[in-house]
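Understanding the architecture of this molecule
Listed below are the residues making up each chain.
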Amino acid sequence: MISQDHYPLARTRFTAGISIIVPTYREVENIPLLLARIDALRRDRDLTLEVLFMDDDSRDGSIEAVERSGFDWARIIVRQGPRGLSAAVIDGFRAARYPVLFCMDCDLSHPPERIPAMILALDAGQQMVIGSRYVPGGSTDDDWGFWRWINSRIATLLARPLTQVRDPMSGFFALRKADFDQARDLNPVGYKIALELIVKCGLENVGEVPIHFSDRVHGVSKLTFREQLKYIQHLRRLYLHRFANAMYMAQFLVVGASGVVVNLSVLSLLKWAGLPDMLCLAGGIAVSVITNFLLNRRFTFSYAKDRPILKQFAGFVGASAVGMAVNYGVALYLNAHVLGAGPLSLQFAALGGIVAGMLFNFLGSRYFVFHKRFVKR
Ligand code: GDD
Ligand code: MN
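Residues numbered from 1 in each chain as written. Chains lettered and ligands numbered in written order. Predicted model: local features only at pLDDT ≥ 70, side-chain atom pairs only at ≥ 80, totals over all residues. Heavy atoms only, no water.

1. With respect to the pattern of salt bridges
- All told, the structure shown has 16 salt bridges when counted by the stated rule.
- A salt bridge links Arg216 to Asp107; the shortest N-O distance between them is 3.4 Å. Highlighted residues: Arg216 in the loop between β9 (212–213) and α8 (225–242) and Asp107 in the loop between β4 (100–103) and α4 (115–123), separated in sequence by 109 residues.
- Note on Arg216: relative accessible area 21%, which makes it partly exposed.
- Taking the relative accessible area as the measure of exposure, Asp107 reaches 8% and is therefore buried.
- Asp179 is the salt-bridge partner of Arg176, the closest N and O atoms lying 3.9 Å from each other.
- You can call Arg176 partly exposed: its relative accessible area is 27%.
- Residue Asp179 is classed as buried on the basis of its relative accessible area, which comes to 17%.
- A network of salt bridges, in which partner residues are shared, links Glu27, Asp107, Arg216 and Lys222. (Salt bridge = Lys/Arg side-chain N within 4 Å of Asp/Glu carboxyl O. Helix = DSSP H or I, 4+ residues; strand = E, 2+ residues; numbered from the N terminus. Buried < 20%, exposed > 50% of the residue type's maximum accessible area, 1.4 Å probe, protein only.)

2. So, the site of ligand 1
- Around ligand 1, 22 residues are found, and the nearest of them are Glu27, Asp56, Asp105, Met169 and Lys222.
- Within the side chain of Glu27, an N or O atom sits 2.5 Å from an oxygen atom of ligand 1.
- In this structure, an oxygen atom belonging to ligand 1 sits 2.7 Å away from a side-chain N or O atom of Arg216.
- Here ligand 1 has 740 Å² of accessible area as a free molecule, and 93% of this is covered by the chains.
- Elements with a contribution of two residues or more to the shell around ligand 1: β1 (18–24) and α3 (85–95).
- Residue classes in the shell around ligand 1 are distributed as 9 nonpolar, 5 polar and 8 charged. (Near = heavy atom within 4 Å. Polar contact = N/O pair within 3.5 Å; in protein donor to acceptor, adjacent residues only side chain to side chain. Areas by Shrake-Rupley, 256 points an atom, 1.4 Å probe, with all protein chains shown as cover. Nonpolar A, V, L, I, M, F, W, Y, C, P; charged D, E, K, R; others polar.)

3. Some details on the packing of aromatic side chains
- Taken as a whole, this structure holds 11 aromatic pairs when the rule is applied.
- Centroid distance Phe93 to Phe180: 5.2 Å. Interplanar angle 75°. Geometry classified as edge-to-face. With Phe93 in helix α3 and Phe180 in helix α6 (residues 177–180), this pair connects stretches of sequence that are 87 residues apart. The two residues Phe93 and Phe180 agree in class, both being buried.
- Through successive ring pairs, a cluster of aromatic residues spans Tyr248, Phe252, Phe301 and Tyr303.
- Stacked on the ring of Tyr25, the Lys or Arg Arg83 has its end atom at 3.9 Å from the ring centre.
- Cation over ring: Lys192 sits above Tyr231, and NZ or CZ is 5.5 Å from the ring centre. (Phe/Tyr/Trp six-rings, centres within 6.5 Å; stacked < 30°, edge-to-face > 60°. Lys NZ or Arg CZ within 6 Å of the ring centre and 35° of its normal.)

4. Considerations on the sheet that holds β4
- Reading across from one edge, β3-β2-β1-β4-β7-β5-β8 is the order of the 7 strands in this open sheet, with mixed pairing throughout. If you trace the sheet from one side to the other, it starts and ends with β3 (74–78) and β8 (206–210), each paired once. For this sheet the average axis-to-axis angle between neighbouring strands, irrespective of direction, equals 20°.
- Of the pairings in the sheet, the one linking strand β2 (residues 49–55) to β3 comprises 5 bridges and is parallel in character. The residue bridging Phe53 from the neighbouring strand is Ile76, located in β3. (Pairing = 2+ DSSP bridges. Axes fitted to C-alpha atoms, helices over the stretch in contact; angles between N-to-C directions.)

5. Some words on the domain arrangement of the protein
- By the assigned domains, the protein splits into domain 1 (4–242) and domain 2 (244–369).
- A separation of 51 Å is found between the C-alpha centroids of domain 1 and domain 2.
- Counting residues at the interface gives 5 residues for domain 1 and 4 residues for domain 2.
- Across the interface of domain 1 and domain 2, roughly 340 Å² is buried in total on both sides, 57% from carbon and sulfur atoms.
- On the domain 1 side of the contact with domain 2, Arg236, Tyr239 and Leu240 bury the most area, a combined 88% of that side's loss. (Domains from an automatic or database assignment. Contact = heavy atoms within 4.5 Å. Buried area = accessible area lost by both parts, 1.4 Å probe.)

The following block contains the structure:
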């Protein structure tokens, strides 16, 4: 169905050309239909455009379908190697020749008739414009089952902390090539390419234009359950990118909490084996320092896990040496002079030592290392 919208805005503003990137995998039936609709739009609105099909070696006659169209503004690039929707789109953006980039599906789910409205939103100052199902005026075909709907909604909700956009899952969007070129370390797993770009290009002005999302008529969807699972992996990476320090801090704290458990367990074990209190306390601290180090190396700061381990360990111990000494001293003191010989007194002494060590590290940083006087005004 062709959208009935009217766009009474000046045609003369659409002077910059647009590159429409269409990822395809086995879409031979849809290629001529999409091209016909884009051609109608192109002539009606006098648009300068190119269409770039980014095909993952479908071998279903897609190449011939593009050639048969006879449009000199339509090209198909056949990728070899591993299949990937997002990677295909990124390759297409890089190969595009015009300053405005569009991405859309080939299966006619995304109405090309909305392209002018999206260009206008870009012209009005948006950095990215999304063809959106979830803003007022947007819709999906009625036969979307409950599961597809709830699935889409949960996926969108999980992305909320990363962007306020209502439909960041949409595969229909536009941005300037200049902004795309700013993207650093693009690493798209799965198919949420718009979300990847919003986070990695640090886009703040993202607009949404309502679309009606139609179900595909020809061919089958390529997004398997496995693809959808990759979304979780993708989200973890994006959260790490956006909230790097908070994520490291949270993981560091979880590891620290595990260290408390390790410390107390080792200490109890040594005590049970009949060792003197001095050694029990020292053993608890020593083993928990090692497990903390290993866990932080493996998870919290996993980006550095293939660097020399002994050097890292020396640094880790060095950085926490004074706090550890305070921990040990306080635990010894509490055990000898304060807590007496109750059933769990050694454990409480150790806990007191841990708290003292942590307090020392904190106060030392607050009033010594990061003392106010040292702050440049
Ligand atoms: N080059 C390439 N490689 N293209 C692919 C691949 C691939 O591995 N997998 C899918 N495509 C193409 C399809 O040919 C189609 O043009 C487009 O990517 C979208 O694939 P569909 O199989 O139609 O996906 P969908 O309808 O389930 O997903 C749609 O909705 C999602 C949100 O619900 C798409 O619009 C997604 O982009 C969107 O995120
Ligand atoms: Mn589709």
